[in-house]
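Residues per chain, in single letters:
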Amino acid sequence: MSTTIEIRNLNQYYGRKQALRDINLTIETGMFGLLGRNGAGKTTLMKVIATLLPRSEGEVSVCGRSTLRPQEVRKIVGYLPQDFSMYPNMTVYEAMDYLGVLSGLSRAKRRQRIPRLLQRVNLQDDKRKKVKALSGGMKRRLGIAQAILHNPKVLIVDEPTAGLDPEERVRFRNLLCEIAEERIVILSTHIVGDIEATCEDIAVLDEGSVIYQGTVTDLIAMTEGKVYTAEISKRELEALKKDYIVTSMLTLGNNVMARFLAEERPFASAKLCEAGVEDAYMYLMHAERGELGC
Amino acid sequence: MLGQLFAKECKQTAKSLIYWLIVLILIFGFTTQLGNNMEIAKEPKPGRASYGYQASHDPEIIMSHTLGKLTEEYFRGNYTTYPIGFYKNVTLDKEDDHRIGEILKEAAGITGKEEAGRVMEDWYTAQTELKEAESGGTEAEDMGPNDVNAGDMMYREPLKIEPAAGLTYERFAELMDEADKILGGGSEYGKDDREMNAEVPKTYEDAKKEYNTLIEKDGLTGGYARLFCDYMGIFLGILPVFLAVTRGMRDRRAVMQELIYTRRCPSLTVVASRYLAMIVMLVLPVLALSVFPLAKCMNYARTAGITVDMLAFVKYTFGWLMPMIMIAAALGMFLTELTDTAAAVLVQGAWWFVAIFGGVQTLRGGMYGWNLVPRHNTEFNWQGYHDGFAQLALNRTLYAAAALLLTLLTAYIYSQKRKGRLQIRGKILANRKSKS
Ligand SMILES: Nc1ncnc2c1ncn2[C@@H]1O[C@H](COP(=O)(O)OP(=O)(O)O)[C@@H](O)[C@H]1O
Ligand SMILES: [Mg+2]
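In this report, the structure presented in the accompanying data block is examined. (Residues numbered from 1 in each chain as written. Chains lettered and ligands numbered in written order. Predicted model: local features only at pLDDT ≥ 70, side-chain atom pairs only at ≥ 80, totals over all residues. Heavy atoms only, no water.)

### Here's the deal with the coordination of the magnesium ion (ligand 2)
- Only A:Thr43 (OG1) and A:Gln82 (OE1) from the protein coordinate the magnesium ion (ligand 2), and they sit 1.9 to 2.4 Å from it. You can see A:Thr43 sitting in helix H1 (residues 42–49) and its partner A:Gln82 sitting in the loop between strand S6 (77–80) and helix H3 (92–102), a full 39 residues away along the chain. (Donors = N, O, S within 2.8 Å, 3.2 Å for Na, K, Ca; no water. Helix = DSSP H or I, 4+ residues; strand = E, 2+ residues; numbered from the N terminus.)

In structure tokens:
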């Protein structure tokens, strides 16, 4: 039986607006990162896979099951939306139990799995807390626990790190990596750092199209030899910004240490340096739009 | 899955504020409309001064009784009306009060409050004398609930005023229609009501027959179960819609829709479990309340040595009230799922209003038609019930069937929405977004 998600020639429309353009993707077991700025179409793509949207054109199959038969796909998919909550007056345990029934778990199964999952997301001491009393981070963790309640083959999480503090974010990524050992986890984000830390395979979406698909290493390799740093004055920085893509800068007294992208060494004082995901992402985004300075 | 979900839904309902508000209204409605003033009919004994009254069709009697009531209310300056079947106390402004005075003058030759007061005074004195003459003869407990002013046994005879010389019945009808209009409708003077005003004494035989029918045909409880349904129906024709609408909106308000949509549970199971929970949780308090009139009936039956139908209240609750709960809840669920708004409250509210308003003419029972809230505002009139039963059964079956159909449609809409289709609200919001 197939263990991959296959997306073929997917086009998706909201009325006349096209949100996804001719998407072709194969997603295998492990962490898969979906990167793109706000409005790129990440949520739309995830909703199509989770059967929350009817696909307009093309084919999507999840472990061999077509999304045309949603009831089959729902059995093996766990979904955590970008915005979600639960009945505010239920306790953490009650909410899990309710969703467990909807997932078709028997009473015995629920009694066995829910405490284990709450332990896994470190909510074991909060199971009697009301949902409305949870912090943002706790709610996210509860969200993950509910999404893997029925032990799905595929877990889809939409921008789960948005709104978390740095420590929570790191812990959350690690949790997802653990979960991904046994299944497909699709993670969307507009934060490059999330992808760098967790994903091997990624796809970059821009305005509904996939502009990159492959490993993080290959993405970085594309930019190798094109990242420079230079210490320049603040006035020179303005000129530099006009011609090149500046990916970061650091103020040093009156001068600025700028990091920028260039096809070849632009001036003598510029030093070649090792590329990072951030540089690669910026390179990609601007290359796609034909805005790259030369 | 259905059973466990159903249990969880019931538990959720039992924890919701709206549910307890509904239960409170039901209790309030029960105690004010029925609980305090429900007296069990006693067996009439021969040789009594009165066996209560029944409507007369004699124009002379109708006119004198109606004018008596008008004189009394005009003198007191306030009027009792039932504009949509509920009690209302009306007081008039100067102009309207003056016009009623003119009507009374033309119809009965009584000029102004003073003369009306004198007429009242004379009548009151006569009543007191009558009462003293009788004293020792008739004990208070010999009065049945059918007697006029049973709770207020001062008056042996209602106030009667002879119409003015030469007043035709047609002119009388015109004048009374006008008075009814001034009072906002539902007064003693509208066509149907004034024809009921003319009460003539029942004979012992009439009363005995009515009582025997109640005991023999209805097993006592049958008559009271209908009365119970008549009152509770007024509330159950509207209240379930509130429960359905709040349940329908709860998922969206809790931002929980997508968590539920993506689970394997079939849409029909989700919808059916919610629907069943609503019905059961609404029927329970009704059954609980029915214990009170049942206990009263049983108490009476024990002293009177008759056997009663113990299950009458249960049977009537399921046959008469449950279809009403079913349709109001189903319509609420359907429209909420379809529109994601509380529109169902308006729709059901309008339907309920029409039903209650239309039902005022059929309070005596037997004329059930297709009314959502069939009326039968008496423990008697078994014959009317018997004659109207086929229509009532059709009526109730229609609404129960429509309710089931709406539930299936709701499940269909739900299944489409969780696939991202039929998102009426989503479309509206998207349009708004793209404009801004
Ligand atoms: N319900 C909708 N109706 C119309 N347009 C939508 C709807 N949802 C999203 N869009 C549009 O589709 C595009 C992709 O949105 P989305 O998938 O939410 O992007 P992302 O998740 O990457 O931020 C955006 O331009 C957005 O405005
Ligand atoms: Mg999104």
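Next comes the rest of the description.
### With respect to the packing of helix H1 (residues 2–14) of chain B against helix H12 (residues 267–304) of chain B
Residues and elements named next belong to chain B.
- Two numbers describe how H1 lies on H12: the axes approach to 8 Å, and their chain directions differ by 50 degrees. The angle between H1 and H12 places the two elements in the oblique class. Taken as a pair, H1 and H12 cross one another with a handedness that is right-handed. Across from Leu2, Leu5, Phe6, Glu9, Cys10, Thr13 and Ala14 in H1, the residues of H12 making contact are Thr269, Val270, Ala272, Ser273, Arg274, Leu276, Ala277, Val280 and Met281. (Axes fitted to C-alpha atoms, helices over the stretch in contact; angles between N-to-C directions. Parallel < 35°, antiparallel > 145°, perpendicular 65-115°, else oblique. Left-handed = near helix turned anticlockwise from the far one by under 90°. Contact = heavy atoms within 4.5 Å.)

### Looking at the site of ligand 1
- Taken together, 12 residues form the shell around ligand 1, and within it A:Gly39, A:Gly41, A:Lys42, A:Thr43 and A:Thr44 come nearest.
- In this structure ligand 1 sits where residues from chains A and B come together.
- Within the backbone of A:Ala40, a nitrogen or oxygen atom sits 3.2 Å from an oxygen atom of ligand 1.
- A distance of 2.6 Å is found between an oxygen atom of ligand 1 and a side-chain nitrogen or oxygen belonging to A:Thr43.
- Against a free-state accessible area of 560 Å², the protein chains account for coverage of 67% of ligand 1. (Near = heavy atom within 4 Å. Polar contact = N/O pair within 3.5 Å; in protein donor to acceptor, adjacent residues only side chain to side chain. Areas by Shrake-Rupley, 256 points an atom, 1.4 Å probe, with all protein chains shown as cover.)

### A look at the packing of aromatic side chains
- Tallied over the entire structure, the rule returns 16 aromatic pairs over all chains.
- Residues A:Tyr87 and A:Tyr98 carry aromatic rings whose centres are separated by 5.5 Å and whose planes lie at 65 degrees to one another, so their mutual orientation is edge-to-face. One end of the pair, A:Tyr87, is in the loop between S6 and H3; the other, A:Tyr98, is in helix H3, with 11 residues separating them in the sequence. The same class applies to A:Tyr87 and to A:Tyr98, which are both buried.
- A centroid spacing of 5.1 Å and a plane angle of 75 degrees characterise the contact between B:Tyr19 and B:Trp20, whose relative ring orientation is edge-to-face.
- With a relative accessible area of 46%, B:Trp20 lands in the partly exposed category.
- Among the aromatic residues, those joined into a ring-pair cluster are B:Tyr316, B:Trp320, B:Tyr368, B:Tyr385 and B:Phe389.
- For B:Lys113, the ring lying beneath its charged end belongs to B:Tyr74, and the centroid distance is 4.3 Å. (Phe/Tyr/Trp six-rings, centres within 6.5 Å; stacked < 30°, edge-to-face > 60°. Buried < 20%, exposed > 50% of the residue type's maximum accessible area, 1.4 Å probe, protein only. Lys NZ or Arg CZ within 6 Å of the ring centre and 35° of its normal.)

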